[in-house]
Amino acid sequence: MSASSPVIETPTEYLSLAALVQLLETIFQRHGCSAEVARCLAENCASAERDGAHSHGVFRIPGYVSTLASGWVNGQALPVIEDVAPAFVRVDAANGFAQPALAAARKLLVSKARNAGIAVLAIRNSHHFAALWPDVEPFAEEGLVALSVVNSMTCVVPHGADRPLFGTNPIAFAAPQAHGQPIVFDLATSAIAHGDVQIAAQKGERLPLGIGVDSLGQPTQDPKAILEGGALLPFGGHKGSALSMMVELLAAALTGGNFSFEFDWSNHPGAKTPWTGQLLIVIDPSKAAGQSFAERSQELVRQMHAVGLKRLPGDRRHQQRERSQQRGIAIALEQLQQLQALAQE
Ligand code: NDP
Ligand code: PYC
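**Details of the overall build of the chain**
- Counting secondary structure elements, the chain contains 11 helices and 12 strands.
- Relative to the compact-globule value of 20 Å for 345 residues, the chain shows a C-alpha radius of gyration of 20 Å, a close match.
- For the C-alpha atoms alone, the extent of the chain along its principal axes is close to 60 × 50 × 45 Å.
- Taking the intrachain contacts of the chain between residues at least 6 apart in sequence as the baseline, contacts between residues at least 24 apart amount to 68%.
- Accessible area of the chain: about 16500 Å², with a carbon and sulfur share of 55%.
- Looking at the chain, you have 26 positive and 31 negative side-chain charges, and the mean spots of the two groups are 5 Å apart.

Put into structure tokens, the structure is as follows:
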């Protein structure tokens, strides 16, 4: 581009969080979700868009809609909660989404964590198509430490193997921090999230080397080659691969959900949501000995900044959240019109 080339701005609209939630809620209801499930998914997806987590924001709506239309997932499912032990809750999501299952079991989980000091929530028979941080951040906002894992669909080659087996299998962690935002990280154990490969393919962008392979197992920077018969690699070689294996064990073997390689959606054209499981571990740090945990986390952050760290995980999201709160959530006009059309179908 020459210095004199005009910059072409994408026409953009700015929506309040409430307006975006309302629009998405209408879409989910129109396409087969109960009012409760629609509200839960709309809030989740709108928060991701507000925080600039674009791979799991409104970009996902067509996938949700095609999945619901395919009959692969039950948008009206009523999760079944089983209180199995003083620190263990099981939920059968009844082939519905994982977020309403978590919402239904949340109160029991928190009360168990506060009583026992720790509690586990094992969700099975569930579909998770979203970012994981919204599942853990609220626990830290009420003073608890939370860790969650969810497995997805086969598209990652275990380190040292020839063919894909694992999912993109994210891990999210949240901890309270005195006088600051909770410390939160949320990362796929693949080199990048599958959603970001799809976005790169849509934009015609190339990916860095070391992220994926083509259908012949050869390294590629072409996102389409990864999506069409190729696969992703774990982040960090054998280390990310071990974490991805751990996610399969905790989110599937422990919960009773499917491994990423165990479901077959070929009879449901349009199905996009992995039918797997999710595990959450919640800890009440007030039960621990010593100084206040939140004060200790603040001290750790202080020392990290003191050695030159400029950016913590979660900082980008929080900055984007603030921007969205000030000027509204930016949605490209064309995308907004597509959403409005889906709300009217
Ligand atoms: P990123 O690699 O973008 O970010 C991973 C984490 O690292 C975030 O907490 C991020 O914070 C932080 N981070 C990024 N860059 C830096 C940096 N330079 N310094 C310090 N911290 C940094 O995310 P992924 O691509 O791994 O995952 C994207 C999303 O995809 C996640 O929300 C994940 O849950 C979701 N996902 C969902 C799946 C599912 O089955 N439901 C499957 C796979 C992924 P920040 O947020 O502030 O950028
Ligand atoms: O981005 O890898 C991903 C993903 C899988 C399921 C939902 N998101």
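That shown, we press on.
**Some remarks on the layout of surface pockets**
- Roughly 560 Å³ of internal volume is contained in the second largest pocket.
- Lining the second largest pocket are 24 residues; nearest its centre among them are Cys40, Glu43, Gln99, Ala103 and Pro134.
- At 7 residues, the largest contribution of residues to the lining of the second largest pocket is made by helix 2 (residues 35-50).
- Split into classes, the residues belonging to the lining of the second largest pocket amount to 12 nonpolar, 4 polar and 8 charged.

**Quick word on the sheet that holds strand 10 (residues 231-232)**
- What the 3 strands build is an open sheet, ordered 9-8-10; its pairing is antiparallel. In this open sheet, the two edge strands, each paired with only one partner strand, are strand 9 (219-220) and strand 10.

**Describing the site of ligand 2**
- Within the structure, ligand 2 sits among His56, Arg60, Phe129, Ser152, Met153, Thr168, Ala193, His194, Gly195 and Pro274.
- In this structure, His56 approaches ligand 2 through a side-chain N or O atom, which is 2.7 Å from a nitrogen atom.
- The backbone of His194 places a nitrogen or oxygen atom 2.9 Å from an oxygen atom of ligand 2.
- In isolation ligand 2 exposes 250 Å². Once the protein is present, 94% of that is buried.
- Split into classes, the residues belonging to the shell around ligand 2 amount to 4 nonpolar, 5 polar and 1 charged.

**Looking at the pattern of salt bridges**
- A full pass over the atoms with the stated rule returns 14 salt bridges.
- One salt bridge in this structure joins Glu142 and Arg106, with 3.0 Å as the shortest N-O distance. Taken as a pair, Glu142 in the loop between helix 5 (133-141) and strand 5 (145-150) and Arg106 in helix 4 (residues 98-116) lie far apart in primary sequence, 36 residues in all.
- Relative accessible area serves as the criterion here: at 33%, Glu142 is assigned to the partly exposed category.
- Take Arg106: its relative accessible area is 23%, and that puts it in the partly exposed class.
- We note a salt bridge from Glu299 to Arg302, for which the minimum N-O separation is 3.0 Å. Taken together, the residues Glu299 and Arg302, both in helix 9 (residues 293-306) and 3 residues apart, mark about one turn of the helix.
- Sharing partners across several salt bridges, the network here consists of Arg50, Asp51, Glu137, Arg317 and Arg321.

**Overview of the pairing of strand 2 (residues 80-85)**
- Here strand 2 pairs with strand 3 (residues 88-97) via 5 bridges, running antiparallel. By the bridge assignment for strand 3, Ala85 is matched with Phe88.
- Counting the residues between successive antiparallel strands, the hairpin from strand 2 to strand 3 contains 2 residues.

**Points about the sheet that holds strand 6 (residues 171-175)**
- Strand order in the open sheet formed by 7 strands is 2-3-4-11-5-6-7, and the pairing between neighbours is mixed. Two strands lie at the open edges of the sheet, namely strand 2 and strand 7 (183-187), each paired on one side alone. Here the average twist between neighbouring strands, direction ignored, is 10°.

**Some points on the packing of aromatic side chains**
- Inspection of the entire model under this criterion finds 9 aromatic pairs.
- Both rings, one in Phe28 and one in Tyr64, keep their centres 5.0 Å apart while their planes meet at 85°; by these two values the pair is edge-to-face. In this pair, Phe28 sits in helix 1 (residues 17-30) while Tyr64 sits in helix 3 (residues 61-70), placing the two residues 36 residues apart along the sequence. When sorted by exposure, Phe28 lands in the same class as Tyr64, which is buried.
- Members of the aromatic cluster, joined through ring pairs, are Phe28, Tyr64, Phe97 and Phe129.
- Here the guanidinium or amino end of Arg60 rests over the ring plane of Phe129, the centre of that ring lying 4.7 Å away.
- Between the NZ or CZ atom of Arg106 and the centre of the ring of Phe139, over which it lies, the distance is 4.3 Å.

**What about the environment of Ser266?**
- Note on placement: Ser266 falls in the loop between helix 8 (238-253) and strand 11 (275-283).
- At 2.7 Å, the side chain of Ser266 and the side chain of Asp264 are in polar contact.

Each value, and the rule that gives it
Numbers given to residues run from 1 along each chain, matching the order in which its sequence is written. Think of it this way: whatever chain is written first is A, whatever ligand is written first is 1, and the rest follow in order. Thresholds applied to this predicted model are a pLDDT of at least 70 for local features of residues and 80 or more for the giving and counting of side-chain atom pairs; totals over whole chains, interfaces and linings are not thresholded and use all residues. Excluded from the side-chain calculation are hydrogens and water; included are all heavy atoms of the structure. Helix and strand assignments come from DSSP, with helices taken as H or I runs of at least 4 residues and strands as E runs of at least 2, each series counted from the N terminus. Restricting the calculation to C-alpha atoms gives the radius of gyration, and the globule rule supplies 2.2 Å times the number of residues raised to the power 0.38. Throughout, a residue-residue contact means that at least one pair of heavy atoms, one from each residue, lies within 4.5 Å. What sets the accessible areas is the Shrake-Rupley method with a 1.4 Å probe; for residues, cover comes only from the shown protein chains. When charges are tallied, Lys and Arg are placed among the positive residues and Asp and Glu among the negative ones, while His and the ends of the chain are skipped. Here the site of a charge means atom NZ of a Lys, CZ of an Arg, CG of an Asp or CD of a Glu. A cavity here means a set of 1 Å grid points, computed over protein atoms only, where a 1.4 Å probe fits but cannot escape. A pocket is an open set with protein on both sides within 12 Å along at least 5 of 7 lines, and lining residues have an atom within 4 Å of a point. Grid points are joined across faces, edges and corners, and a volume is the space filled by probe spheres set on the points. Each residue is assigned to one of three groups, with Ala, Val, Leu, Ile, Met, Phe, Trp, Tyr, Cys and Pro labelled nonpolar, Asp, Glu, Lys and Arg labelled charged, and all others, Gly among them, labelled polar. In this analysis, strands are considered paired if DSSP registers two or more bridges between them. We call a residue near a molecule or strand whenever a single non-hydrogen atom of that residue lies within 4 Å of it. In the analysis that follows, any N or O atom pair within 3.5 Å is treated as a polar contact, provided that within protein one partner can donate a hydrogen and the other can accept it, and provided that, for residues neighboring in sequence, both atoms belong to side chains. Any Lys or Arg side-chain nitrogen located within 4 Å of an Asp or Glu carboxyl oxygen qualifies as a salt bridge. When accessible area is computed with a 1.4 Å probe and restricted to protein chains, residues below 20% of their type maximum are described as buried, those above 50% as exposed, and intermediate ones as partly exposed. In this analysis, axes come from line fits to C-alpha atoms, helices being fitted only over the stretch in contact, and the angle between any two N-to-C directions falls in the range 0 to 180 degrees. Aromatic rings from Phe, Tyr and Trp, taking only the six-membered ring of Trp, are treated as a pair when their centres fall within 6.5 Å; an angle between ring planes under 30 degrees marks them as stacked, one over 60 as edge-to-face, and anything in between as tilted. Charge-over-ring placement is defined geometrically: NZ (Lys) or CZ (Arg) within 6 Å of the ring centre, and within 35 degrees of the ring normal.

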